[in-house]
Protein chains: 2
Amino acid sequence: MNKDFIVPNAWSIIVDHFNKADVSASESIFSLGNGVMGQRANFEEKYSGNSLQGSYIGGIYYPDKTRVGWWKNGYPEYFAKVLNAPNWIGINVKVNKQTLDLNTCEVTSFYQELNMKEGWLERTFTAVLPNENQIKITSKRFLSLRYNEIGAIKYSLTPLNFDGEISLSPYIDAGIVNQDANYDEYFWKVLDSVVSTNSAAITSKTLKTNFYVCTAMAIALKLNNEPLILKQTTVTKSKKVKLKYTQQVTQNQTLTLYKYGTYVQSMNHKKNALLKVAKSNLQQASEIGFEGLLALQKEDWAAIWHTADIKIEGDVKAQQAIRFNIFQLNQTYLGEDARLNIGPKGFTGEKYGGSTYWDTEAYCIPFYMATKDKHVAKNLLLYRYNHLEKAIKNAEKLGFTNGAALYPMVTMNGEECHNEWEITFEEIHRNGAMVYGIYNYVNYTGDYAYIPKFGLEVMIAVARFWYQRATFSKDKNKYVILGVTGPNEYENNVNNNFYTNYLAQWCINFTLENIAKLKTDYSADFERVFTKTKLSTNELEQMREVAQNIYLPYSKDYGVFLQQDNFLDKEIIPTSFLPKSQRPINQHWSWDRILRSCYIKQADVLQGIYLFENNFDTESIAKHFDFYEPLTVHESSLSPCIHTILAAKINRIDKAYEMYLRTARLDLDDYNHEVAEGCHITSMAGTWMAIVQGFGGMRTFDNTLAFNPQIPSQWQSYSFTINYRGCILNVHKSHTECVFTNESNASITIEVSGEKVEVLPNTLVKI
Amino acid sequence: MNKDFIVPNAWSIIVDHFNKADVSASESIFSLGNGVMGQRANFEEKYSGNSLQGSYIGGIYYPDKTRVGWWKNGYPEYFAKVLNAPNWIGINVKVNKQTLDLNTCEVTSFYQELNMKEGWLERTFTAVLPNENQIKITSKRFLSLRYNEIGAIKYSLTPLNFDGEISLSPYIDAGIVNQDANYDEYFWKVLDSVVSTNSAAITSKTLKTNFYVCTAMAIALKLNNEPLILKQTTVTKSKKVKLKYTQQVTQNQTLTLYKYGTYVQSMNHKKNALLKVAKSNLQQASEIGFEGLLALQKEDWAAIWHTADIKIEGDVKAQQAIRFNIFQLNQTYLGEDARLNIGPKGFTGEKYGGSTYWDTEAYCIPFYMATKDKHVAKNLLLYRYNHLEKAIKNAEKLGFTNGAALYPMVTMNGEECHNEWEITFEEIHRNGAMVYGIYNYVNYTGDYAYIPKFGLEVMIAVARFWYQRATFSKDKNKYVILGVTGPNEYENNVNNNFYTNYLAQWCINFTLENIAKLKTDYSADFERVFTKTKLSTNELEQMREVAQNIYLPYSKDYGVFLQQDNFLDKEIIPTSFLPKSQRPINQHWSWDRILRSCYIKQADVLQGIYLFENNFDTESIAKHFDFYEPLTVHESSLSPCIHTILAAKINRIDKAYEMYLRTARLDLDDYNHEVAEGCHITSMAGTWMAIVQGFGGMRTFDNTLAFNPQIPSQWQSYSFTINYRGCILNVHKSHTECVFTNESNASITIEVSGEKVEVLPNTLVKI
């Protein structure tokens, strides 16, 4: 995709010309979702050019047979794939028997808009068919937030230079295959298809996992805005059902087809009720109608934006980008269902498979906590709580005992999917993120009750993992953690990764502290959990022993913690000396060369400093930043945001802004030439963090909501809104002042640049 | 396979009963080969039970599409597979229209013998068919050493309790698929089949690699030893051609079918001459006849045994085992063709693919040097010399410059096949083995001219690799080698593996010494190579700098070199504490657990001590042995032999014998329950080394042939013969004396237990 392909606009993503080479990238960027299902912005009509037809339903996956070069004990048998679902958006169009296909027509005008404020996608274009018929098409569609099993399309056609016959064939295609399939297998079985007047449905189920899905559509037609009844012809194939309507139109008449689609599936309904529910959904959609549903859509998106929007004045591209990120996060996950999570590609593609990485705990929870009610973040925690049994089984498989848990690197149902030993078995810091997520949630929301009720079990199981995973080194007279991969995946199988060791120590200490607290404050819960987990005092002793004596590699010469043992054996050459032609190094260097270099993929020691910033003074933070950032190649989309936040913390606003630019428009400008595969959903939360925690300097340590607002010189002002313990607070920062507006009915005391400030209900404070 | 399944016998491998469960294991053990082709001991007649039909032709491979979990830059696109070739041994048998198939008959007697002294396989059995016809079969076959494109079978049938009709259908089947195929593809294309009277041929070619092979057979028949002419029926299918002969026989008559087979292939002949050569081969075979060919076979094997045999008195199982190993090595490789090498499974199976590992240089060269004329080992060196260009290309792919070479981990044609980053990119010590092989050859044979003519180019390219691969550690003020895997593959991506660093240093020093020598002694060659390699004095300086300042990890506390940096951070728990239920650990532990344990797969530091024993005093060798052997799980077939040799060196003959037992009968007793996949060919050379260098104490450092013979108490005596610089010397060791017999016409001075001894021509010396 070309840079500058997207037209800058504060509230919409716009493309104003047609370029075949950009179609599949656009399909990702213009994707629609409503938190439970989503679809790429595929054209409704046939498109024979390069495209990835993609529709996805949250929670529905397939355990694809894994592909492994060299098998290792403990590898999972399958890799859960995000499952490309039956396509209900398709509408084949024939104009005087010629197929409308933008790959074979001349496209004389083209305008596509993803309206983020209101949550819909529109496309208007004029095409000249090979027979020289000119036709104008407008299609508009959305996936309803209010009725989240429903989507709607309005598809209008106007002949510009001819009278003639238009035939429209809306269809459901259940013969969709995954692009991401290890052995090119088909993952569905079609069970049944039903056709009625102006509607049809296909019921299919996934192989192996046995998810049942009824995909259904209902059709309505209008001519020049008047309802139109047409004879329906039906074409039913084994995996596809198509209705066909033919109409004579004269020049400048407009023929409109409304298509309502629905997915009804067995995670939410009884199997034998699926068709019935689907019919009732479609009836409801038809009754409310396209415009009615659209009005509700605007309402619901307005509510989301109310607490989630970030405004940036003076930089429309930055404005567009941050809204795009917030919009896509909300399209991916809305937090009403603890069985769902946030996939790395959301509903915009299927690459990487699985739905859940440590990204959720490290990057997404802060966003959802601050922009939604606390039950949303709680659902993300419960997702892991519900997978605890499987995490314990996973640890057992690797030789751990006694209820120790190792959460998976990638999962869809709690079981590990990933199969690269250096990640699957060794990137164990993810286990700490589970506990950090709990701490972060409780610390931000004040909902301490989560710990006795749910959190403690997870904390104990993870603490058990850590004390077992550490070994005592006689040589160092300390506990060491050998053979790990840190967040910087450009090091594998290293010893004493600082981040991992520090996090392990913290996890144990946090668990022990809370055990002590619960003994007195929540004794019933404490008893229940102690009994359930069979925790012994001997184990507590072992945990304490490990935490108190864990080894943290440190260099006196540099005054910094070392990323791992022997880090200083490397040739330390800043990235500024790397020739441009060799970057990104992961596309130019062999893996061994990357591993033995000093180059850091993403924040590693600095990830620890970020999470535990309150334990480091500013001078120390600066020292670590100055040591590690120059060695960091930021070849993960999760890297720059952490560096923005730390750079802002040490008052390097220009550096913070430079880092910010590296992710803000990652997908919109397709930095890595890969957006066609899907958007980088989880890193979008990092961009939000970069503004709120970076420029805004928001911190919530020790039950205190603190800010240290700064502003890049390139912007006039920015503002964001957060929900902190029920208080809706808007922060507006310009070069001259910072305004805090309390939109709730209770007063709140905050700390601004170290000073306590009280913001009374429904008032604002200028600083 | 059951232990004790093989009947002990000094010269033959024998099975004296039929057990379906053992068939595929037997197929491996009883394999035949003649150095250029080989075949598993499949039954000639149909066998519907568990079996791997396998015929292999040296040098013919297929670049199978690689299977990778997670792609890394630098991985090869393909993995060269040993190619299962058309089967020419098949003879379908029907007795009164009933198919002879040992899987469905009752087998009332069964005797199978692989005669290693003479190089043939015989099988005699009595079967009762479902129709109660009893028949006795004797089949005998071999692959000719003298005419190495030819094999012969004599297949005789005697009805024991009936008169009736026997039909015999010898066939060629070119529809063979590899068991070892990543995507179950068929790797051949059949081009043509031709049938004449009593003969047939199929010409096929390999896909992608375009090797052309004509597989042909000729048939002769006898009844009670009288020539028999029968009507021939032909059945030709797309990939198979079958001739059918039917004969009425009466009880106790013997019907015999002779089948001569040949592979004629495009590595050795013009494509369009293949059929003609095949016909001429078969004509020659038919003229010489089965018994004539067999007589030549005995002659040729006698010549091999003359310089290769090891005799062990007082332990028939040990005798059988060592002969089996020597026999299989000779079946696999005879050293007349520098394009061939020694595959890990030889011609006995197809697992692991590729033909060449560092096993050749580290284990096989010593065997071939000592048991054959020097041109054989030289051909093994030339194999690598001829692959130098590709090794340089391989290094370039990984970022090395200036003509540095990295030889592949696994190869068939010089290109890397292996795709596991920790091995492919990091197990770089193999590169040192290439130079050690040259040193070893020159040192043993005295053929110094090899270095100026061929060796130097390889040495320079490898030395270049080492100085580039080392990096200077400011922290250590030494050159370090980061991110490697040593011979102990139970450690990955470690820093400063002692073996690798020591070998790198030695490689550079050896190269520099020889450059100095060549400058004066072989100045023309020196100039040629210097010009060809564009070696600069600056590079020589860099090499010297690295070699002089390389870091070797050492523990003062233990007085041993450490396997790698931070080895002492591990929990050091001897293998004697490992529960039996957890061994082998590679079948019970996840990979990360193995990696962070102290357990050693195979000799690593000790491999270095073995290769460079002359640089260590006995006390130091003992210290290293005592530190590392107790941590070694010997889960590679290449491990125990090195430990035998070192244990013998430090006069621990019982330990040496204990280690010896761990590999000697690895395949015959099927220790690892995997011999069905093929035999462990390369480790067989290690067993030979264990006797000659271990118990015999043979060393050849500094142009001196030395011995330090010891004998395990379990044996009465043992003897071996070596060819040292043209002198054929037999060493016979008993508990009372050691006899050295010089079978050549020149006197030789040897060192026995430190004393110089002259052995005059054609005489013996008792000590």
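Going along each chain's sequence as written, the residues are numbered from 1 onward. For naming, the first written chain is A and the first written ligand is 1, with later ones following in the order written. It should be noted that, the model being predicted, local features are given only for residues of pLDDT at least 70 and side-chain atom pairs only at 80 or more, the latter also being counted only at that level, while totals for whole chains, interfaces and linings use all residues.

All right, on to the overall build of chain A then. Helix and strand definitions here come from DSSP, where helices need a minimum of 4 consecutive H or I residues and strands a minimum of 2 consecutive E residues; each element is numbered from the N-terminal end. Secondary structure assignment for chain A yields 19 helices and 31 strands. Only the C-alpha atoms count toward the radius of gyration. The rule for a globule is 2.2 Å times the residue count to the power 0.38. Here the C-alpha atoms of chain A give a radius of gyration of 27 Å, agreeing with the 27 Å that 2.2 N^0.38 yields for 767 residues. Its C-alpha atoms put chain A at 85 × 60 × 55 Å along the principal axes. Looking at chain A residue by residue over its 767 residues, the buried ones come to 54%. Across chain A, every contact between residues at least 6 apart in sequence was considered, and the portion connecting residues at least 24 apart equals 67%. Three classes are used. A residue is buried when 20 or more other C-beta atoms lie within 10 Å of its own, exposed when 12 or fewer do, and partly exposed in between, with C-beta atoms placed from the backbone. Two residues qualify as a contact pair if the distance between their C-beta atoms, derived from the backbone, is within 7 Å.

Residue and element names in this part refer to chain A. Put simply, helix α9 (residues 450–469) and helix α10 (residues 498–521) touch, their axes get as near as 9 Å, and they point 140° apart. The angle between the axes of α9 and α10 places the two elements in the oblique class. In the packing of α9 onto α10, the handedness of the crossing is left-handed. Of α10, the residues touching α9 (which contributes I451, P452, L456, M459, I460, V462, A463, W466 and Y467) are A504, C507, I508, F510, T511, N514 and L518. Amino acids outside the nonpolar list (Ala, Val, Leu, Ile, Met, Phe, Trp, Tyr, Cys, Pro) and the charged list (Asp, Glu, Lys, Arg) are all regarded as polar, and Gly is one of them. Among the residues forming the contact of α9 with α10, the class breakdown is 14 nonpolar, 2 polar and no charged. An axis is simply a line fitted to the C-alpha atoms; with a helix, the fit covers only the stretch in contact. Between two such axes, the angle follows the N-to-C directions and lies from 0 to 180 degrees. Here the angle decides the label: under 35 degrees means roughly parallel, over 145 means roughly antiparallel, 65 to 115 means roughly perpendicular, and every other value means oblique. Note: crossing handedness is left-handed where the near helix turns anticlockwise from the far helix by less than a right angle, and right-handed where it turns clockwise.

Our focus in this paragraph is the relation of the copies chain B and chain A. Turning chain B through 180° and shifting it by 0.0 Å along the axis lays it on chain A, with an RMSD of 0.1 Å. In short, the pair behaves as if placed about a two-fold rotation axis. Of all interface residues in chain B, 97% are interface residues in chain A too; the two copies therefore contact each other through one and the same surface. Copy-to-copy alignment: least squares on C-alpha atoms, limited to residues at pLDDT 70 or above in both.

Residues and elements named next belong to chain B. In this analysis, the expected span of each helix is defined as 1.5 Å times one less than the number of residues it contains. With 20 residues, helix α9 (residues 450–469) ought to run about 28 Å at 1.5 Å a step, and its terminal C-alpha atoms sit 27 Å apart, in line with that. The quantity called bend is, for any residue, the angle between two axes fitted respectively to the seven residues ending at it and the seven beginning at it. Within α9, the axis deviates most sharply at L456, by approximately 45°. The element α9 is extensively covered by neighbouring structure, given that 17 of its 20 residues are classed as buried.

Glancing now at the sheet that holds strand β5 (residues 78–84) of chain B. Residues and elements named next belong to chain B. Paired strands, in this sense, are two strands between which DSSP finds at least two bridges. With antiparallel pairing, 4 strands are arranged side by side in an open sheet as β2-β3-β4-β5. Two strands lie at the open edges of the sheet, namely β2 (32–33) and β5, each paired on one side alone. Note that strand β3 (residues 37–39) and strand β4 (residues 55–65) share 3 bridges and pair antiparallel. Each residue of the ladder has a partner; that of G38, found in β4, is Y56.

Bringing the interface of chain B and chain A into the picture now. If you look at the interface, chain B gives 39 residues, while chain A gives 38 residues. Elements with a minimum of two residues in the side of chain B that touches chain A: β21 (471–473) and α14 (591–596) of chain B. Top contributing element to the side of chain B that touches chain A by residue count: α14 of chain B, with 5 residues.

Attention now goes to unusual backbone geometry. Note the cis peptide between R583 of chain A and P584 of chain A, where omega equals -5°. Within the secondary structure, P584 of chain A sits in the loop between β24 (560–561) and α13 (585–588). In this structure, E132 of chain A is a non-glycine residue whose phi angle is positive, near 70°. Structurally, E132 of chain A is set in the loop between β9 (120–128) and β10 (134–143). Here K208 of chain B, not a glycine, exhibits a phi torsion of approximately 65°, which is positive. Residue placement: K208 of chain B occurs in the loop between β14 (199–206) and β15 (212–223).

Further remarks concern the packing of helix α6 (residues 388–397) of chain A against α9 of chain A. A pair of packed helices is captured by two measures, namely the crossing angle of their axes and the spacing between those axes. Residue and element names in this part refer to chain A. The contact between α6 and α9 brings their axes to 11 Å, and the two run at 10°. With respect to α9, the element α6 is oriented roughly parallel. Packed against α6, whose contacting residues are L388, A391, I392 and A395, the element α9 presents E457, V458, A461 and F465 at the interface. Along the lines of polarity and charge, the residues of the contact of α6 with α9 split into 7 nonpolar, no polar and 1 charged.

Looking now at the domain arrangement of chain A. All names here are of chain A. In terms of domain boundaries, chain A breaks down into domain 1 (31–308), domain 2 (310–695) and domain 3 (696–767). In this structure, domain 1 and domain 2 have C-alpha centres spaced 37 Å apart. Every element with two or more residues in the side of domain 1 that touches domain 2 is listed here: β2 (32–33), β3 (37–39), β4 (55–65), β5 (78–84) and α2 (274–308). Per element, the largest residue contribution to the side of domain 1 that touches domain 2 is 6 residues, and it comes from β5. Taken together, the residues that form the side of domain 1 that touches domain 2 break down as 17 nonpolar, 15 polar and 4 charged. Domain extents, as shown, originate in an automatic or database domain assignment.

This part is about the environment of R725 of chain A. All names here are of chain A. In this fold, R725 is placed in the loop between β26 (717–724) and β27 (727–734). Since 15 C-beta atoms lie within 10 Å of it, R725 is described here as partly exposed. For R725 and A370, which are 355 residues apart along the polypeptide, the C-alpha to C-alpha distance reads 9.0 Å. Contacts of R725, omitting those with residues within four sequence positions, involve T445 and G446.

Moving on, we come to α6 of chain A. Residue and element names in this part refer to chain A. Along α6, the residues classified as buried are L388, A391, I392, N394 and A395. Relative to the axis of α6, the buried residues are bounded by an arc of 160° and lie together on one face. On its buried face, α6 sits against α5 (374–386) and α9. Remark: G399 follows α6 within two positions and exhibits a positive phi of approximately 100°. For this quantity, the arc is that covered by the directions from the helix axis to the C-beta atoms.

Turning next to the confidence of the model for chain A. Per-residue confidence from the predictor is reported as pLDDT, a score between 0 and 100. Mean pLDDT over chain A works out to 95, with 99% of the residues at or above the 70 mark. Interface confidence in the predicted complex, given as ipTM, is 0.91; pTM for the same model is 0.93.

On to the pairing of strand β8 (residues 106–115) of chain B. Residues and elements named next belong to chain B. Direction of pairing for strand β1 (residues 12–15) relative to β8: antiparallel, over a ladder of 4 bridges. Bridge pairing in β8 links I13 to L114. Alignment of β8 against strand β9 (residues 120–128), held across 9 bridges, turns out to be antiparallel. When the sheet's bridge partners are listed, V107 is paired in β9 with A127. A loop of 4 residues connects β8 with β9, the two strands running antiparallel in sequence, and G119 in this loop sits at a positive phi of about 80°.

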